[in-house]
Amino acid sequence: MTSRLIDTRSSRSARLPAAGLVAAPLGWLAGWAIMRLGGSSGPNTGWDVAHALWIVSFVLFGAAAYALFRLLGGSPAARVALAVALTGAAALVVQMVIDLVVGLRTADKPAMVDLYDRVFAVPGVELVFFTVGPMLLFVGLLALVVLATVRRVAAPWQVLLVVAGIGLMVAGRPASGALRLLEGLGAACLWLALAPLARPAAPSSRPRRPGLD
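Residues numbered from 1 in each chain as written. Predicted model: local features only at pLDDT ≥ 70, side-chain atom pairs only at ≥ 80, totals over all residues. Heavy atoms only, no water.

Okay, the layout of surface pockets next. Taken as a whole, the second largest pocket spans an internal volume of roughly 820 Å³. Taken together, 28 residues line the second largest pocket, and the ones lying closest to its centre are Leu92, Gln95, Met96, Arg173 and Glu183. With five residues, helix H5 (residues 125–150) is the largest single contributor of residues to the lining of the second largest pocket. For the lining of the second largest pocket, the per-class residue count stands at 18 nonpolar, four polar and six charged. (1 Å grid on protein atoms, 1.4 Å probe; cavity = no way out; pocket = protein on both sides within 12 Å on 5 of 7 lines; lining within 4 Å. Points joined across faces, edges and corners; volume = space filled by probe spheres on them. Helix = DSSP H or I, 4+ residues; strand = E, 2+ residues; numbered from the N terminus. Nonpolar A, V, L, I, M, F, W, Y, C, P; charged D, E, K, R; others polar.)

All right, on to the nonpolar core then. Within the largest apolar cluster, 48 residues are counted, with the highest numbers of intra-cluster contacts made by Trp28, Phe58, Phe61, Leu68 and Leu137. Broken down by secondary-structure element, the contributors of at least two residues to this core are helix H1 (2–36), helix H2 (45–71), helix H3 (76–105), helix H4 (109–120), H5, helix H6 (156–172) and helix H7 (181–194). Element by element, the count of residues in this core is highest for H2, at 11 residues. Every residue in contact with leucine 68, bar those within four places of it in the chain, is listed here: Leu21, Leu141, Leu144, Val145, Leu194 and Leu197. (Core = buried A, V, L, I, M, F, W, Y, C linked by side-chain atoms within 4.5 Å. Buried < 20%, exposed > 50% of the residue type's maximum accessible area, 1.4 Å probe, protein only. Contact = heavy atoms within 4.5 Å.)

Taking 1.5 Å per residue as the helical rise, H2 with its 27 residues ought to reach 39 Å, and the 39 Å between its terminal C-alpha atoms agrees with that figure. Its side-chain oxygen at 3.1 Å from the backbone nitrogen of glycine 46, asparagine 44 defines the N-terminal cap of H2. (Expected span 1.5 Å × (residues − 1). Polar contact = N/O pair within 3.5 Å; in protein donor to acceptor, adjacent residues only side chain to side chain.)

Once that is clear, we can look at the pattern of salt bridges. The final tally for this structure, using the stated rule, is two salt bridges. One salt bridge connects arginine 118 with aspartate 114, and the closest N-O pair in it is separated by 3.4 Å. One end of the pair, arginine 118, and the other, aspartate 114, are both in helix H4, four residues apart, so they sit about a helical turn from each other. The class for arginine 118 is exposed, based on a relative accessible area of 52%. Its relative accessible area of 42% is what places aspartate 114 among the partly exposed residues. (Salt bridge = Lys/Arg side-chain N within 4 Å of Asp/Glu carboxyl O.)

On to a nonpolar patch on the surface. A surface patch of nonpolar side chains, about 350 Å² in accessible area, is lined by Leu127, Val128, Val132 and Met135. Of note, leucine 127 is situated in helix H5. For leucine 127, a relative accessible area of 51% gives the class exposed. (Patch = residues over 30% accessible without salt bridge, like charges linked within 9 Å, V, L, I, M, F, W, Y side chains within 5 Å. Areas by Shrake-Rupley, 256 points an atom, 1.4 Å probe, with all protein chains shown as cover.)

Unusually for a residue other than glycine, arginine 152 sits at a positive phi of about 65°. The residue arginine 152 is located in the loop between H5 and H6 in this model.

The next subject is the confidence of the model for the chain. Per-residue confidence for the chain gives a mean pLDDT of 87, with 86% of residues at or over 70. Of all secondary-structure elements in the chain, the lowest mean pLDDT belongs to H1, at 73, while H3 reaches the highest, 97. Here residues 1–11 scores under 50 on pLDDT; set against residues more than four positions off or in separate chains, the count is seven contacts. In the model, residues 201–213 has pLDDT below 50 throughout and makes seven contacts with residues more than four positions away in sequence or in other chains. (pLDDT = per-residue confidence, 0-100.)

Below, the discussion takes up the packing of aromatic side chains. In this structure the tally under the stated criterion is six aromatic pairs. Summarising the aromatic geometry, the rings of phenylalanine 61 and phenylalanine 138 are spaced 6.4 Å apart at their centres and angled 65° between planes, so their arrangement reads as edge-to-face. A residue pair is termed long-range when its members are at least 10 positions apart, and phenylalanine 61 in helix H2 and phenylalanine 138 in helix H5 qualify at 77 residues. Residue class for phenylalanine 61 comes out buried when judged on its relative accessible area of 1%. One aromatic cluster is present, formed by Phe58, Phe61 and Phe138 through successive ring pairs. (Phe/Tyr/Trp six-rings, centres within 6.5 Å; stacked < 30°, edge-to-face > 60°.)

Take a look at the structure:
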(Lines give C-alpha, C1' and ligand atoms only; values in the text may rest on other atoms or scores of the structure.)
Protein backbone atom coordinates (compact mmCIF):
# COMPACT_ATOMS: atom_id res chain seq x y z
CA MET A 1 0.00 0.00 0.00
CA THR A 2 2.81 2.38 0.95
CA SER A 3 4.70 1.67 -2.27
CA ARG A 4 1.57 2.41 -4.31
CA LEU A 5 1.10 5.75 -2.51
CA ILE A 6 4.74 6.70 -3.16
CA ASP A 7 4.39 5.71 -6.83
CA THR A 8 1.24 7.83 -7.15
CA ARG A 9 2.88 10.89 -5.60
CA SER A 10 5.98 10.42 -7.76
CA SER A 11 3.82 10.14 -10.87
CA ARG A 12 1.96 13.33 -10.01
CA SER A 13 5.17 15.25 -9.26
CA ALA A 14 6.49 14.20 -12.68
CA ARG A 15 3.27 15.05 -14.55
CA LEU A 16 2.96 18.60 -13.20
CA PRO A 17 6.28 19.90 -14.62
CA ALA A 18 5.76 17.87 -17.79
CA ALA A 19 2.49 19.72 -18.37
CA GLY A 20 4.59 22.84 -18.83
CA LEU A 21 6.12 21.32 -21.96
CA VAL A 22 2.66 21.37 -23.54
CA ALA A 23 1.01 24.37 -21.91
CA ALA A 24 3.83 26.94 -21.82
CA PRO A 25 4.06 27.63 -25.58
CA LEU A 26 0.27 27.52 -25.89
CA GLY A 27 -0.14 30.05 -23.07
CA TRP A 28 2.38 32.35 -24.70
CA LEU A 29 0.61 31.95 -28.05
CA ALA A 30 -2.75 32.82 -26.48
CA GLY A 31 -1.33 36.02 -25.00
CA TRP A 32 0.32 36.89 -28.31
CA ALA A 33 -2.99 36.43 -30.18
CA ILE A 34 -4.78 38.75 -27.74
CA MET A 35 -2.09 41.39 -28.21
CA ARG A 36 -2.39 41.14 -31.98
CA LEU A 37 -6.17 41.53 -31.73
CA GLY A 38 -5.89 44.90 -30.01
CA GLY A 39 -4.01 44.49 -26.77
CA SER A 40 -0.91 46.19 -28.16
CA SER A 41 -2.83 49.47 -28.34
CA GLY A 42 -3.08 49.41 -24.54
CA PRO A 43 -3.55 50.23 -21.81
CA ASN A 44 -6.72 48.18 -22.16
CA THR A 45 -8.24 44.87 -21.13
CA GLY A 46 -6.42 43.03 -23.91
CA TRP A 47 -3.07 44.27 -22.61
CA ASP A 48 -3.91 43.17 -19.08
CA VAL A 49 -5.20 39.71 -20.06
CA ALA A 50 -2.29 39.04 -22.42
CA HIS A 51 0.30 39.90 -19.78
CA ALA A 52 -1.50 37.86 -17.14
CA LEU A 53 -1.39 34.89 -19.54
CA TRP A 54 2.29 35.48 -20.17
CA ILE A 55 3.05 35.47 -16.45
CA VAL A 56 1.46 32.02 -16.24
CA SER A 57 3.19 30.95 -19.45
CA PHE A 58 6.69 31.84 -18.23
CA VAL A 59 6.09 30.08 -14.92
CA LEU A 60 5.13 27.04 -17.02
CA PHE A 61 8.29 27.47 -19.12
CA GLY A 62 10.21 27.17 -15.86
CA ALA A 63 8.28 23.98 -15.10
CA ALA A 64 9.06 22.73 -18.62
CA ALA A 65 12.77 23.31 -18.03
CA TYR A 66 12.54 21.31 -14.81
CA ALA A 67 10.74 18.51 -16.66
CA LEU A 68 13.59 18.36 -19.18
CA PHE A 69 16.06 18.35 -16.30
CA ARG A 70 14.29 15.33 -14.80
CA LEU A 71 14.41 13.53 -18.13
CA LEU A 72 18.18 14.01 -18.15
CA GLY A 73 18.60 12.51 -14.71
CA GLY A 74 20.04 15.64 -13.14
CA SER A 75 23.49 15.62 -14.76
CA PRO A 76 25.86 18.54 -13.94
CA ALA A 77 25.43 20.03 -17.42
CA ALA A 78 21.66 19.76 -17.06
CA ARG A 79 21.85 21.55 -13.71
CA VAL A 80 23.66 24.49 -15.29
CA ALA A 81 21.18 24.63 -18.19
CA LEU A 82 18.26 24.44 -15.75
CA ALA A 83 19.69 27.30 -13.67
CA VAL A 84 20.09 29.42 -16.80
CA ALA A 85 16.54 28.66 -17.99
CA LEU A 86 14.99 29.36 -14.57
CA THR A 87 16.88 32.65 -14.30
CA GLY A 88 15.48 33.68 -17.68
CA ALA A 89 11.97 32.57 -16.77
CA ALA A 90 12.14 34.59 -13.53
CA ALA A 91 13.34 37.67 -15.45
CA LEU A 92 10.45 37.34 -17.89
CA VAL A 93 7.91 36.95 -15.09
CA VAL A 94 9.22 40.17 -13.54
CA GLN A 95 9.06 41.89 -16.95
CA MET A 96 5.44 40.81 -17.43
CA VAL A 97 4.53 41.99 -13.93
CA ILE A 98 6.07 45.39 -14.69
CA ASP A 99 4.16 45.58 -17.97
CA LEU A 100 0.93 44.58 -16.26
CA VAL A 101 1.35 47.17 -13.49
CA VAL A 102 2.17 49.88 -16.03
CA GLY A 103 -0.98 49.01 -17.95
CA LEU A 104 -3.13 49.03 -14.83
CA ARG A 105 -1.76 52.34 -13.54
CA THR A 106 -2.05 54.37 -16.74
CA ALA A 107 -4.95 55.59 -18.85
CA ASP A 108 -3.33 56.16 -22.25
CA LYS A 109 -0.19 55.57 -24.33
CA PRO A 110 1.61 58.81 -23.37
CA ALA A 111 1.13 57.98 -19.70
CA MET A 112 2.50 54.47 -20.34
CA VAL A 113 5.59 55.89 -22.04
CA ASP A 114 6.16 58.27 -19.14
CA LEU A 115 5.85 55.50 -16.55
CA TYR A 116 8.16 53.20 -18.53
CA ASP A 117 10.74 56.02 -18.65
CA ARG A 118 10.61 56.18 -14.86
CA VAL A 119 10.90 52.39 -14.54
CA PHE A 120 13.87 52.23 -16.91
CA ALA A 121 15.54 55.08 -15.01
CA VAL A 122 16.15 52.57 -12.20
CA PRO A 123 19.67 51.21 -12.81
CA GLY A 124 19.74 47.66 -14.13
CA VAL A 125 16.00 47.18 -14.64
CA GLU A 126 16.00 47.42 -18.43
CA LEU A 127 19.21 45.41 -18.81
CA VAL A 128 18.29 42.59 -16.42
CA PHE A 129 14.56 42.20 -17.01
CA PHE A 130 14.05 43.43 -20.57
CA THR A 131 17.30 42.74 -22.45
CA VAL A 132 19.73 40.11 -21.14
CA GLY A 133 17.65 38.20 -18.60
CA PRO A 134 14.85 37.07 -20.94
CA MET A 135 17.32 35.54 -23.41
CA LEU A 136 18.54 33.15 -20.73
CA LEU A 137 15.26 31.22 -20.76
CA PHE A 138 15.66 30.27 -24.39
CA VAL A 139 19.41 29.61 -24.08
CA GLY A 140 18.71 27.26 -21.19
CA LEU A 141 15.81 25.51 -22.94
CA LEU A 142 17.88 24.98 -26.08
CA ALA A 143 20.76 23.58 -24.03
CA LEU A 144 18.40 21.16 -22.25
CA VAL A 145 16.92 19.93 -25.54
CA VAL A 146 20.41 19.50 -27.02
CA LEU A 147 21.43 17.48 -23.95
CA ALA A 148 18.23 15.44 -24.29
CA THR A 149 19.17 14.70 -27.90
CA VAL A 150 22.65 13.58 -26.86
CA ARG A 151 21.02 11.26 -24.32
CA ARG A 152 18.58 10.10 -27.04
CA VAL A 153 15.63 11.31 -25.01
CA ALA A 154 14.78 13.80 -27.77
CA ALA A 155 15.25 13.64 -31.53
CA PRO A 156 17.46 15.92 -33.67
CA TRP A 157 14.38 17.39 -35.38
CA GLN A 158 13.24 18.69 -32.00
CA VAL A 159 16.47 20.64 -31.60
CA LEU A 160 15.99 22.09 -35.07
CA LEU A 161 12.43 23.11 -34.22
CA VAL A 162 13.55 24.81 -31.00
CA VAL A 163 16.25 26.71 -32.90
CA ALA A 164 13.72 27.67 -35.59
CA GLY A 165 11.14 28.67 -32.98
CA ILE A 166 13.54 30.91 -31.07
CA GLY A 167 14.82 32.43 -34.32
CA LEU A 168 11.33 33.17 -35.59
CA MET A 169 10.25 34.72 -32.29
CA VAL A 170 13.34 36.95 -32.24
CA ALA A 171 12.87 37.93 -35.90
CA GLY A 172 9.16 38.67 -35.47
CA ARG A 173 9.53 40.72 -32.30
CA PRO A 174 10.63 44.02 -33.95
CA ALA A 175 8.68 43.40 -37.16
CA SER A 176 5.47 45.11 -38.17
CA GLY A 177 2.38 44.11 -40.10
CA ALA A 178 2.09 40.54 -41.32
CA LEU A 179 5.70 39.80 -40.32
CA ARG A 180 4.59 39.76 -36.68
CA LEU A 181 3.09 36.37 -37.53
CA LEU A 182 6.65 35.05 -37.33
CA GLU A 183 6.39 35.26 -33.54
CA GLY A 184 3.29 33.09 -33.48
CA LEU A 185 4.90 30.61 -35.87
CA GLY A 186 7.93 30.48 -33.59
CA ALA A 187 5.77 29.63 -30.56
CA ALA A 188 4.08 26.89 -32.60
CA CYS A 189 7.52 25.45 -33.43
CA LEU A 190 8.40 25.39 -29.72
CA TRP A 191 5.15 23.59 -28.94
CA LEU A 192 5.77 20.99 -31.66
CA ALA A 193 9.26 20.38 -30.29
CA LEU A 194 8.46 20.28 -26.56
CA ALA A 195 5.02 18.69 -26.36
CA PRO A 196 6.16 15.16 -27.36
CA LEU A 197 8.64 15.19 -24.46
CA ALA A 198 5.75 15.39 -21.99
CA ARG A 199 4.77 11.79 -22.66
CA PRO A 200 5.38 9.66 -19.57
CA ALA A 201 7.88 6.87 -19.80
CA ALA A 202 6.51 3.40 -20.35
CA PRO A 203 5.99 1.52 -17.08
CA SER A 204 8.47 -1.14 -16.16
CA SER A 205 7.54 -4.68 -17.15
CA ARG A 206 9.54 -6.22 -14.31
CA PRO A 207 7.34 -8.66 -12.39
CA ARG A 208 6.36 -7.62 -8.90
CA ARG A 209 7.39 -9.76 -5.95
CA PRO A 210 4.57 -11.05 -3.76
CA GLY A 211 4.06 -9.34 -0.44
CA LEU A 212 5.44 -5.93 -1.49
CA ASP A 213 2.03 -4.35 -2.12
